[in-house]
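Spelled out, the chains give:
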Amino acid sequence: MLVLVAPGQGAQTPGFLTPWLDLPGAADRVAAWSEAIGLDLAHYGTKADADEIRDTAVAQPLLVAAGLLSAAALDASPNVVAGHSVGEITAAAFAGVIGDEAALRLVRTRGLAMAEAAAVTETGMAALLGGDPDASVAHLEKLGLTPANVNGAGQIVAAGTAAQIAALIEDKPEGVRRVVPLKVAGAFHTSHMAPAVDRLREAAAELTPADPAVTYVSNADGKAVATGDEVISRLVGQVANPVRWDLCMETFKELGVTALVEACPGGTLTGLAKRALPGVKTLALKTPDDLDAARALISEHAGA
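Residues numbered from 1 in each chain as written. Predicted model: local features only at pLDDT ≥ 70, side-chain atom pairs only at ≥ 80, totals over all residues. Heavy atoms only, no water.

Caption draft 1: Looking closely at the pattern of salt bridges. Tallied over the entire structure, the rule returns nine salt bridges. Residues Asp100 and Arg29 are paired through a salt bridge, measuring 2.6 Å at the closest nitrogen-oxygen approach. One end of the pair, Asp100, is in helix 6 (residues 100–118); the other, Arg29, is in helix 1 (residues 26–37), with 71 residues separating them in the sequence. The partner of Arg105 in a salt bridge is Glu101, with the nearest N and O atoms 2.9 Å apart. With a gap of four residues between them, Arg105 and Glu101 both fall in helix 6, about one helical turn apart. Arg105 gets classed as partly exposed once you look at its relative accessible area, which sits at 42%. Several salt bridges converge on common partners, so that one network encompasses Asp221, Glu230 and Arg234. (Salt bridge = Lys/Arg side-chain N within 4 Å of Asp/Glu carboxyl O. Helix = DSSP H or I, 4+ residues; strand = E, 2+ residues; numbered from the N terminus. Buried < 20%, exposed > 50% of the residue type's maximum accessible area, 1.4 Å probe, protein only.)

Caption draft 2: Layout of the nonpolar core. In this structure, Leu41, Phe94, Leu104 and Tyr216 are the most contacted members of the largest nonpolar core, which totals 76 residues. At ten residues, the largest contribution of residues to this core is made by helix 4 (residues 56–74). When near neighbours in sequence (up to four residues on either side) are disregarded, Leu104 contacts Trp33, Ile37, Leu41, Pro61, Val64, Ala65 and Leu68. Val217, Met249, Leu260 and Ala276 belong to the second largest nonpolar core, which has 18 residues in total. (Core = buried A, V, L, I, M, F, W, Y, C linked by side-chain atoms within 4.5 Å. Contact = heavy atoms within 4.5 Å.)

Caption draft 3: How the structure looks around the packing of helix 9 (residues 194–204) against helix 10 (residues 228–237). In the contact formed by helix 9 and helix 10, the axes pass within 8 Å of each other and the chain directions differ by 155°. Compared by their axis directions, helix 9 and helix 10 come out roughly antiparallel. Here helix 9 runs over helix 10; the crossing is right-handed. Two secondary-structure elements touch here, helix 9 through Val197, Leu200, Arg201 and Ala204 and helix 10 through Ile232, Leu235 and Val236. Each residue belonging to the contact of helix 9 with helix 10 can be placed in one class, and the counts come to six nonpolar, no polar and one charged. (Axes fitted to C-alpha atoms, helices over the stretch in contact; angles between N-to-C directions. Parallel < 35°, antiparallel > 145°, perpendicular 65-115°, else oblique. Left-handed = near helix turned anticlockwise from the far one by under 90°. Nonpolar A, V, L, I, M, F, W, Y, C, P; charged D, E, K, R; others polar.)

Here it is in structure tokens:
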């Protein structure tokens, strides 16, 4: 049983798209997507620096484009798909709920709307290293912070105002070794993103989604979603609500997943899986050099 997953914001690094554009047809696909959404994906994926691709309005379409390119090159038929945060849009395309260009148009709206919402108040996110999850969540709520990403394997990401993040650094939950501010431009998956929800809902209303062709696991609660309409509804709502990747991994266990492949730029979700899903084979697609190993893993683990 194979699950194909797509990473969220923060996974991008300067130049990470460069080797993928050398694959047959890849540059043409990216050029067409760029024209459709009014953003030069090839430039940002090959030449832009870390600050440029940190911009939410750039990072999100870039991540979805990379995920779609790498999955197309892999040409896999997973049993299960899921995505972390913006990776859920990539996963919706993996599942056939929406087409590739529709996914890019939707994520372009999402990125712009979230960037505008983030500009209203100075906000941010920080990862908590170590500690007991329940105690950490209680401490965050006491400080007025939101546990925006509950990622499993002991990892929680807090989100809130810059002042609240500073207070967290000074007053860590018991058992937490360190609080690491993240290089993101806002408090994603919190009430600070509420203005973006309305914008995304308007864009989503123009879509005609199909039902998932494979099992689609939602990061709202880790549940499998059976209809395209429900997938899109959850994509809209998750912008202002926490990501429960821990529950997604629990569902992978229940479904009997034996292998996990993470689309480009892979690494984050495979790292979590190695700690939380012992016995599950994992592989991250970072460059096209990883494709042969991924295909071998898929041939062994993708069930009927």
